[in-house]
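Residue-level structural notes
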Amino acid sequence: MAIEISATIRKAQGTGASRRLRKANRVPGIVYGVGEATMIELDHNTLYYALRNESFHASILSLDLDGKKEAVLLRDFHMHPFRQQVQHIDFQRVDAKKKIHMKVPLHFINADIAPGVKTGGGIISHVLNELEINCLAADLPAAIEVDLAALDLGHSIHVSDIKLPKGVEVARHHHAGDAVATVQVPRGAVEAAADAAAAEAASAASTAAAAATAAATAKPAADAKK
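For the structure given in this document, a descriptive report is provided here. (Residues numbered from 1 in each chain as written. Predicted model: local features only at pLDDT ≥ 70, side-chain atom pairs only at ≥ 80, totals over all residues. Heavy atoms only, no water.)

**Some details on the overall build of the protein chain**
- Scanning the protein chain from N- to C-terminus turns up five helices and 13 strands.
- Each of the 226 residues in the protein chain was classed as buried or not, and the buried ones make up 32%.
- In the protein chain, 67% of the contacts between residues at least 6 apart in sequence involve partners at least 24 apart.
- Roughly 13,700 Å² of accessible area belongs to the protein chain as shown, and the carbon and sulfur atoms make up 54% of that amount. (Helix = DSSP H or I, 4+ residues; strand = E, 2+ residues; numbered from the N terminus. Buried < 20%, exposed > 50% of the residue type's maximum accessible area, 1.4 Å probe, protein only. Contact = heavy atoms within 4.5 Å. Areas by Shrake-Rupley, 256 points an atom, 1.4 Å probe, with all protein chains shown as cover.)

Now the structure itself:
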């Protein structure tokens, strides 16, 4: 079921008009793509909470514009530098026959049973949290799962290892060998092991020095008895 957002056509334009809209708890925006661009305005609070939903950023949205619905994608939005206020938003109309380029979030599963974590004591490091893909609007996934069940200590999951939904392909700027997630030994454990090794080496050196000193002391005593 498509996420629906309501908007109205914005008649007044310009900086002053946008400022007045924001004071009235409205957000100026634009819809572009197929056909002419349309200036719109939306309720701020409804939009603000919609933007907190991960699916809102990677789904085909149903925009109800003055009673007429059309399929759109969220393309951009701007927040106030320090207030929790949406300043502007951009939507793009969807052409069902043309492939779209989108960033889709990655959902990592089975991290707790990965051998590198369960028996190796490692931790999962996420190199990528989203993947850029190309697909038709009808094939757009809300998220892509990355299964970590077989990941061992010191190993990585790569882009080529991800099982993509039907009709979805990875955008060209990603490479098959790009790491998506790895299992690493915790930094604290590495430092602890290094400290232990250093302490052991220092102890061995001290023991060797003590033995050498004892040997040096024993030789003159033996010579004196002769």
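**A look at the pattern of salt bridges**
- Scanning the entire structure with this criterion turns up five salt bridges.
- Between Glu70 and Arg93 there is a salt bridge, with the nearest N and O atoms lying 3.0 Å from each other. Remark: Arg93 occurs in strand β6 (residues 86–93) and Glu70 occurs in strand β5 (residues 68–79); sequence separation between them is 23 residues.
- For Arg93, a relative accessible area of 12% puts it in the buried group. (Salt bridge = Lys/Arg side-chain N within 4 Å of Asp/Glu carboxyl O.)

**Re the sheet that holds strand β12 (residues 169–170)**
- On the basis of which strands lie adjacent, the open sheet formed by four strands has the order β10-β7-β9-β12 and mixed pairing. At either end of the open sheet lies a strand with only one pairing partner, and these are β10 (144–147) and β12.
- Sheet analysis places strand β9 (residues 130–136) next to β12, joined by two bridges and oriented antiparallel. Within β12, the position partnered with Ile133 by the bridge is Val170. (Pairing = 2+ DSSP bridges.)

**Overview of the nonpolar core**
- Residues Ile133 and Leu140 are the most contacted members of the largest nonpolar core, which totals 24 residues.
- Secondary structure elements with two or more residues in this core: β7 (99–109), β9, β10 and β13 (179–184).
- When residues in this core are grouped by element, the largest group, five residues, is from β7.
- Sequence-distant contacts of Leu140, defined by excluding residues within four places in its chain, comprise Ala58, Ser59, Ile60, Leu73, Ile100, Met102, Val104, Ile133 and Cys135.
- Listed in part, the 19 residues of the second largest apolar core include Ile5, Val27, Leu74 and Ile89. (Core = buried A, V, L, I, M, F, W, Y, C linked by side-chain atoms within 4.5 Å.)

**Remarks on the environment of Val86**
- Structurally, Val86 is set in strand β6.
- With relative accessibility at 0%, the residue Val86 sits in the buried group.
- Here the alpha-carbon distance between Val86 and Tyr48, two residues 38 residues apart in the chain, equals 6.6 Å.
- What Val86 contacts, discounting residues up to four positions off in sequence, is Val27, His44, Leu47, Tyr48, Leu51, His78 and Met79.

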